[in-house]
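Each chain, written out:
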Amino acid sequence: MKTLLISGAPNPTGQTAFLENLFKQHMSGDVTTLSSFSANLSPCVDCKYCTHTFGCSIIDDMDIVYDAMNTFDNIVISAPIYFAALPGPMLNILSRFQLIFAARNIRRESVSLKPKHGAIILNLGGFDPSKYGPEAALASSKMLLKLNNAELLGTVIAWKTDTLPVYEDEAVRREVIELAAKLSERPAS
């Protein structure tokens, strides 16, 4: 089993990285991590290349994600939530799936992608539900999984990590371990 973990963790010793490492410790098979902060990932520049051909004119580490569309069994999105959204480098990745949209909706071509399973791991600090929450970050994460033909099997959200760090939150740690077990036992169909 092969899993691609798309990481939005800016700090390699931070809370998102802690949850990712916990997940990887309990996930069977090979786990490849793509760090959106350290990888060379440009946003879509609307050059229209993909409106004529299946592919992207930008040559960078996005090829790892494109390869995942047909080689990985699982895709996991993991990130902190900043101002109700995913971090900018994660949105760069999402914008580059314009090539799927262009193939299906502009060139009217069928795009065959290997079925996969997906999971989402998010965390956010101070949370006031009357002002903002995880909805936008969840929507972007789900869109990324959908574009990759990945069925969402589970979501873990660590709340108020400014007052209860994930290292101390037994419930969140248990949810991450259970999510890894769920993905490990269910091969994509």
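Summary of the structure given here.

### Some thoughts on the pattern of salt bridges
Link 1 in the chain: Under the definition given, this model contains four salt bridges.
Link 2 in the chain: Among the ionic pairs, Asp46 bridges to Lys48, the shortest N-O distance being 2.7 Å.
Link 3 in the chain: Given the relative accessible area of 52%, Asp46 is considered exposed.
Link 4 in the chain: Of the charged contacts in the structure, one is a salt bridge between Arg107 and Glu109, with a shortest N-O distance of 2.9 Å.

### Thoughts on the pairing of strand S1 (residues 2-7)
Link 1 in the chain: Burial runs high along S1: five of the six residues are buried.
Link 2 in the chain: Where S1 and strand S2 (residues 30-35) come together, six bridges link them in parallel fashion. Counted as the bridge partner of Ser7 is Ser35 from S2.
Link 3 in the chain: Crossover connection from S1 via helix H1 (residues 15-26) to parallel S2: handedness right-handed.
Link 4 in the chain: Pairing of S1 with strand S3 (residues 74-80) involves five bridges; the strand directions are parallel. If you follow Ile6 over to S3, its bridge partner there is Ile77.

### Regarding the sheet that holds strand S4 (residues 116-123)
Link 1 in the chain: Across the sheet, which stays open at both edges, the five strands sit in the order S2-S1-S3-S4-S5 with parallel pairing between neighbours. This sheet does not close on itself; its edge strands, each paired only once, are S2 and strand S5 (150-158). The mean inter-strand angle of the sheet, taken between neighbouring strand axes irrespective of direction, is 15°.
Link 2 in the chain: Against the sheet, helix H2 (residues 62-71) engages S1, S2, S3 and S4, with an angle of about 145° to S1.
Link 3 in the chain: In the packing of helix H5 (residues 135-147) onto the sheet, contacts are made with S1, S3, S4 and S5, and the angle to S4 comes to roughly 160°.

### Here we look at the environment of Leu122
Link 1 in the chain: Of note, Leu122 is situated in strand S4.
Link 2 in the chain: When its relative accessible area of 0% is taken as the criterion, Leu122 is described as buried.
Link 3 in the chain: Linking Leu122 and Val65, residues 57 residues apart in sequence, is a C-alpha distance of 20 Å.
Link 4 in the chain: Leu122 has contacts with Ala79, Ile81, Leu86, Ala137, Leu138, Ser141, Val156, Ile157 and Ala158, leaving out every residue within four places of it along the chain.

### Considerations on unusual backbone geometry
Link 1 in the chain: Backbone geometry at Phe83 places phi at a positive 50°, although glycine is not the residue there.
Link 2 in the chain: By the element assignment, Phe83 lies in the loop between S3 and helix H3 (88-95).
Link 3 in the chain: Backbone geometry at Ala84 places phi at a positive 70°, although glycine is not the residue there.
Link 4 in the chain: Relative to the elements of secondary structure, Ala84 occurs in the loop between S3 and H3.
Link 5 in the chain: Judged by relative accessible area, which is 16%, Ala84 ranks as buried.

Cut-offs used in this document
Residues numbered from 1 in each chain as written. Predicted model: local features only at pLDDT ≥ 70, side-chain atom pairs only at ≥ 80, totals over all residues. Heavy atoms only, no water. Salt bridge = Lys/Arg side-chain N within 4 Å of Asp/Glu carboxyl O. Buried < 20%, exposed > 50% of the residue type's maximum accessible area, 1.4 Å probe, protein only. Helix = DSSP H or I, 4+ residues; strand = E, 2+ residues; numbered from the N terminus. Pairing = 2+ DSSP bridges. Right-handed = clockwise from strand over helix to strand, strands pointing away. Axes fitted to C-alpha atoms, helices over the stretch in contact; angles between N-to-C directions. Contact = heavy atoms within 4.5 Å.

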